[in-house]
Every structure is written in structure tokens, then in C-alpha cells.
Amino acid sequence: MEGWLRDGLLPGGVLDITVSNRLRFQKSYGLYSDGTNERPIHLDTLFDIASLTKVTATLPAILVLVAKGKLSLDSSVQHYLPEFRYPQVTLRHLLMHASGLPPDLPYLPRKAARTGLIDEILTQELLFIPGEDKLYSDLGMILLGIIIERVSGEPLDRFVREHVFEPLDMRNTLFTPGPELQDRIAATEQVDGDFIIGEVHDEKSFHLGGVSGSAGLFATADDLARYAAWWLQPEKWGIVPPSLMREATAHSVRGRGLGWEVWHDPASVPSCGESWPMGSFGHTGFTGTSLWIEPEQGLSVVFLTNAVHFGRNNKIRELRPILHEAVLSSV
């Protein structure tokens with residue numbers, strides 16, 4: 001990490017490594033600019049965790065509703081969202097990125113008006129027969145966020161706070177952080193001359209008001225380590241039946257479990273690197289964030305960085321496996 005900072009590859013970050021109840025390593029590195037001053041990154045710095053939202057908010061919210069009998073993973077999306085045109089697509093397809101939906105919508109800048117974003121998603125054509133391939137799709141996760149709201153009768157941010165974050169004592173994980181937290185939030189990208197601080201970096205989530213099933217969460221490394229501990233010992237909290245959580249990571253279709261990237265297929269090297277054992281699972285976020293879990297050793301690695309602070313053409317995809325393989329060999 002210190003070498004990468006010296007080489008200008010990253011502005012900084014927080015690394016949190018836990019091995020069962022035997023080892024805990026936490027360290028913060030580097031600085032970021034708020035446009036006026038250089039600010040140090042601390043252990044309690046909040047980061048825009050981008051697509052980690054998919055497995056930290058959307059996935060557990062779906063599992064909670066399944067456990068309550070309000071959702072079925074193999075029911076048609078159309079059952080919960082009648083305006084969706086494809087009865088053959090199930091919730092499981094959406095979670096496993098196997099629905100056939102395109103990855104994204106055409107790009108529009110942050111300041112562009114996009115009031116019909118959900119209607120745009122609903123008009124998309126499927127790119128393949130559901131279940132026959134895998135294509136990572138933000139659009140499917142956005143639809144899952146809407147389904148959570150309709151079935152629960154609560155906004156996504158409130159539902160996941162009440163049913164996941166509060167029981168796990170994740171007090172620093174939230175959507176749309178208020179102005180009182182601005183000084184603790186690492187700035188992401190510079191857009192139109194100003195750094196984005198405290199607003200979601202992802203354009204689609206921004207157009208949806210900062211709360212979506214695809215992106216929008218802000219969190220600390222310590223909170224994500226708590227979240228990882230739940231996946232390693234789900235029976236301790238009783239939020240979701242452990243069997244349902246194990247199902248999310250027990251198998252994969254071309255590297256995807258329910259929400260998670262799951263390391264089962266030797267043909268596709270995961271973002272943690274090829275030295276991690278099969279059965280490891282994790283996820284990444286475009287801003288630079290990642291969470292990886294190795295269940296046999298009880299190992300979790302939270303790596304939060306605002307790599308997009310230096311622009312979108314950064315080296316984070318190359319750096320992640322190097323870091324994770326170094327962690328595993330040290331452990």
C-alpha cells in the first residue's frame with residue numbers, strides 16, 4: 001500500500017483483515033483532496049462503496065424477505081413487478097446476473113435529467129435466454145431494489161437499516177449521508193471542477209436520488225468487517241437462516257452465486273487472485289472498494305479506497321489481486 005501511494009497509483013485507503021478470532025489488522029493510508037485541502041484518511045473514514053451495495057444491502061434484504069415468506073427466489077420477477085415484460089426471468093436470475101438484461105443503460109452525465117430511468121430499464125431487450133449465460137447487470141439489481149420496496153412497503157434504505165445494519169451494529173453504513181458526515185467521507189471523482197463528496201458516484205444511482213439496489217451505500221471498513229463476520233457465522237445473529245445464506249455462496253454459474261462473485265470455476269480467475277481457495281466469495285465496487293471472504297480460515301479482507309479520485313483510468317483491477325494474494329500468503 002505504501003509503495004502504491006508513493007507511485008501515485010492510489011490516493012489512500014483503509015485495509016481491514018480479520019482471521020476468525022485470532023487476528024485483526026486495521027490500517028489507514030494516504031490522503032485525498034476536498035478541492036481546497038488535503039485530508040488524511042482515517043480508520044473511520046466513510047467510502048462510497050459503489051457496487052458493494054449489491055451484496056451489502058440488496059442481497060441481504062432479499063434474503064430477509066425470503067426468510068419471512070414474502071418472496072421466493074424462483075418466482076417470476078413479473079409476479080412482483082407486473083410491468084416487467086419477461087415472465088421467464090426469476091429473482092434468482094437477477095441475483096446471479098443470469099437474467100439476460102444488458103449490463104447498463106447508455107451513459108448520461110450526472111447533471112442530465114433522467115426521470116424515466118426505471119421505464120428505460122423496463123424497455124430493455126434480453127440479450128440471451130435467462131439462465132443460459134451470465135452477464136453482470138446493474139439493471140437487474142436496480143429492479144431488485146424496487147421489488148424490495150414494493151413487497152416490504154418500506155423504502156430500501158429504511159428496510160435494510162432496520163433489518164440488517166442495526167442488528168449487526170453497522171452504525172456507519174448508510175445511503176445519502178447528511179452534511180454532518182461530510183468531513184468523514186473520502187472524495188471520489190472530480191467532475192466539472194469539483195470533487196464528489198457525500199453524493200453517490202454512480203450516475204444511475206444519483207439519478208434515482210442516491211438510493212438504489214445497485215449502488216449508493218457509504219460505509220466504513222469496520223462496518224464491512226462486521227458484515228463479513230455475519231457471513232462467516234450467520235447463526236450468531238439469527239437474521240436469516242444460515243442455510244439460506246450458505247445457498248448464496250454454495251454454487252455459482254460462471255463465477256456468480258446469489259449476488260456474490262464465487263470462486264468455483266478455474267477458468268475464471270476472481271478479483272482476489274487465483275491463489276485464494278475455491279469457495280472464497282466476494283465483490284468489488286467501481287470506486288475501488290472490495291470485500292473478500294475465505295470461509296475455511298474465517299478470513300475476511302475489506303479494502304476501501306477511492307481509486308476514482310485519480311480518474312476512471314486507474315489500476316485498481318490490477319492491484320486488487322496483488323494485495324489479496326499478499327494477504328493470503330501472510331496469513
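Above this text you will find the structure in question.
Described in the following lines is the structure provided in the data block. (Residues numbered from 1 in each chain as written. Predicted model: local features only at pLDDT ≥ 70, side-chain atom pairs only at ≥ 80, totals over all residues. Heavy atoms only, no water.)

## What about unusual backbone geometry?
What counts is decided by this rule: Only DSSP runs of H or I covering at least 4 residues are called helices, and only runs of E covering at least 2 are called strands; the numbering of each starts at the N terminus. Three labels apply to residues, based on accessible area from a 1.4 Å probe with only protein chains included: buried if under 20% of the type maximum, exposed if over 50%, partly exposed otherwise in between.
With a phi angle near 50°, Ser-20 is a residue other than glycine that sits in the positive phi range. Inspection of the secondary structure assignment puts Ser-20 in the loop between β1 (12-19) and β2 (23-33). Of the residues examined, Ser-20 reaches a relative accessible area of 44% and is grouped as partly exposed. Positive phi is not limited to glycine here, since Thr-176 has a value of about 40°. Among the structural elements, Thr-176 can be located in the loop between β5 (174-175) and β6 (190-191).

## Considerations on the pairing of β2
To keep it simple, the criterion reads: At least two bridges found by DSSP between two strands is the condition for calling them paired.
As defined by bridge partners, β1 adjoins β2 across eight bridges and the pair is classed as antiparallel. What sits directly across from Gly-13, in β2, is Tyr-29. In this structure, β2 lies alongside strand β3 (residues 38-40), joined through three bridges in antiparallel fashion. In the strand pairing of β3, Leu-31 is matched with Pro-40. Linking β2 back to β3 in an antiparallel pair, the connection comprises four residues, with Gly-35 at a positive phi of about 100°.

## What to know about the pattern of salt bridges
For the record, the criterion: For this document, the term salt bridge refers to a Lys or Arg side-chain nitrogen within 4 Å of an Asp or Glu carboxyl oxygen.
For the structure shown, the criterion picks out 24 salt bridges. The salt bridge involving Glu-199 is made with Arg-110; its shortest N-O contact spans 3.3 Å. Remark: Arg-110 occurs in the loop between α4 (91-95) and α5 (117-122) and Glu-199 occurs in the loop between β7 (194-195) and α8 (203-207); sequence separation between them is 89 residues. A residue is classified by how much of its surface remains accessible, and Glu-199, at 42% relative accessible area, is partly exposed. Exposure remark for Arg-110: the relative accessible area of 9% places this residue in the buried category. Taking the shortest distance from any N to any O, the salt bridge between Lys-315 and Glu-318 comes out at 4.0 Å. A network of salt bridges, in which partner residues are shared, links Asp-16, Arg-24, Asp-169, Arg-171, Asp-222 and Arg-226.

## A look at the sheet that holds strand β8 (residues 217-219)
Strands sit in the order β4-β8-β5 across an open sheet of three strands; the sheet is antiparallel. In this open sheet, the two edge strands, each paired with only one partner strand, are β4 (47-48) and β5. Bridge analysis of β4 against β8 gives two bridges, and the strand direction is antiparallel. Within the sheet, the bridge partner assigned to Asp-48 lies in β8 and is Phe-218.

## A look at helix α10 (residues 242-250)
Our working rule: Along the arc lie the directions from the helix axis toward the C-beta atoms. Any pair of residues with heavy atoms lying within 4.5 Å of one another is described as a contacting pair.
All buried positions along α10 are accounted for by Leu-244, Met-245, Ala-248 and Thr-249. Buried positions in α10, seen along its axis, are confined to an arc of 135° and lie on one side of it. Opposite the packed face of α10, turned more than 90 degrees from it, sit the exposed residues Arg-246 and Ala-250. Next to the buried residues of α10 lie α2 (53-67), α9 (221-232), β9 (261-262) and β10 (281-284).

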